[in-house]
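Each chain, written out:
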Amino acid sequence: GAVVSQHPSWVICKSGTSVKIECRSLDFQATTMFWYRQFPKQSLMLMATSNEGSKATYEQGVEKDKFLINHASLTLSTLTVTSAHPEDSSFYICRAGLGEAGTEAFFGQGTRLTVV
Amino acid sequence: AQTVTQSQPEMSVQEAETVTLSCTYDTSESDYYLFWYKQPPSRQMILVIRQEAYKQQNATENRFSVNFQKAAKSFSLKISDSQLGDAAMYFCAYRTPSIEETSGSRLTFGEGTQLTVNP
């Protein structure tokens, strides 16, 4: 299957700093990228959807100024958590969508963010 | 809006036995896709099996099979000959076919079922 590489796999940062998470589709062009957040023992919550070259669409309740999403190319999307606080600590997962209907989505490995 | 419900937060099974995880969904669409994903302790999401709603035949992947009841909007996962490596969180997910790529690729997840396999 297609490979989606997410980096870093884990990161610890200080409160007030920003953290960037990268998601790359290694062997296909992902016209759509999805970013999820997952709290322990809970389901995945969609944060935003991004299309290459356009602004991301954020889900209700997700602060777009806090969670900056950039999808500059067909193989790379980034999520930047700005001015991180301890409550932003979570597991973040990207998912790359292929263009054709019926094709399964491919998840990155996820990033565990801890804000101290 | 589509919803997906997994009514079993936790399940356990003895090694080599069979277990069935339940999933129900609500939709007004006639054509859609259903998935089961596995999330082991590494937290990597792994696709276990998928089902196209227009197909009457239940999908099967080795020890994993589904019981898809379209009229009842039920999509259960059966794991046969359970192995220790099957222990994980299992998520049921729903997706519509894409007309517009963005909305069509959107997945709706259930709450998850934590499966424990006892040796």
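The text that follows walks through the structure, step by step, so that each part is easy to find.

What counts and what doesn't
Residues numbered from 1 in each chain as written. Chains lettered and ligands numbered in written order. Predicted model: local features only at pLDDT ≥ 70, side-chain atom pairs only at ≥ 80, totals over all residues. Heavy atoms only, no water. Helix = DSSP H or I, 4+ residues; strand = E, 2+ residues; numbered from the N terminus. Buried < 20%, exposed > 50% of the residue type's maximum accessible area, 1.4 Å probe, protein only. Contact = heavy atoms within 4.5 Å. Polar contact = N/O pair within 3.5 Å; in protein donor to acceptor, adjacent residues only side chain to side chain. Pairing = 2+ DSSP bridges.

Thoughts on the environment of A:Ser25
Residue and element names in this part refer to chain A. Tracing the backbone shows serine 25 in strand β3 (residues 19–25). Serine 25 sits in the buried class, given a relative accessible area of 4%. Sequence separation between serine 25 and glycine 53 is 28 residues, and the spatial gap between their C-alpha atoms is 16 Å. When near neighbours in sequence (up to four residues on either side) are disregarded, serine 25 contacts Val3, Val4, Ala30, Met33, Leu74 and Thr75. Looking at serine 25, its side chain comes within polar contact range of the main-chain oxygen of phenylalanine 28, at 2.8 Å. Within the structure, the side chain of serine 25 is placed 3.5 Å from the backbone oxygen of leucine 74, a separation counted as a polar contact.

What about the pairing of strand β5 (residues 44–51) of chain A?
All names here are of chain A. Where burial is concerned, most of β5 is hidden: six out of the eight residues are buried. Here strand β4 (residues 32–38) hands over to β5 after five residues, with lysine 41 in that stretch at a positive phi of 60°. As defined by bridge partners, β5 adjoins strand β6 (residues 57–58) across two bridges and the pair is classed as antiparallel. When the sheet's bridge partners are listed, alanine 48 is paired in β6 with tyrosine 58. Hairpin connection between β5 and β6: a loop of five residues separates the two successive antiparallel strands, and glycine 53 in this loop has a positive phi of roughly 80°.

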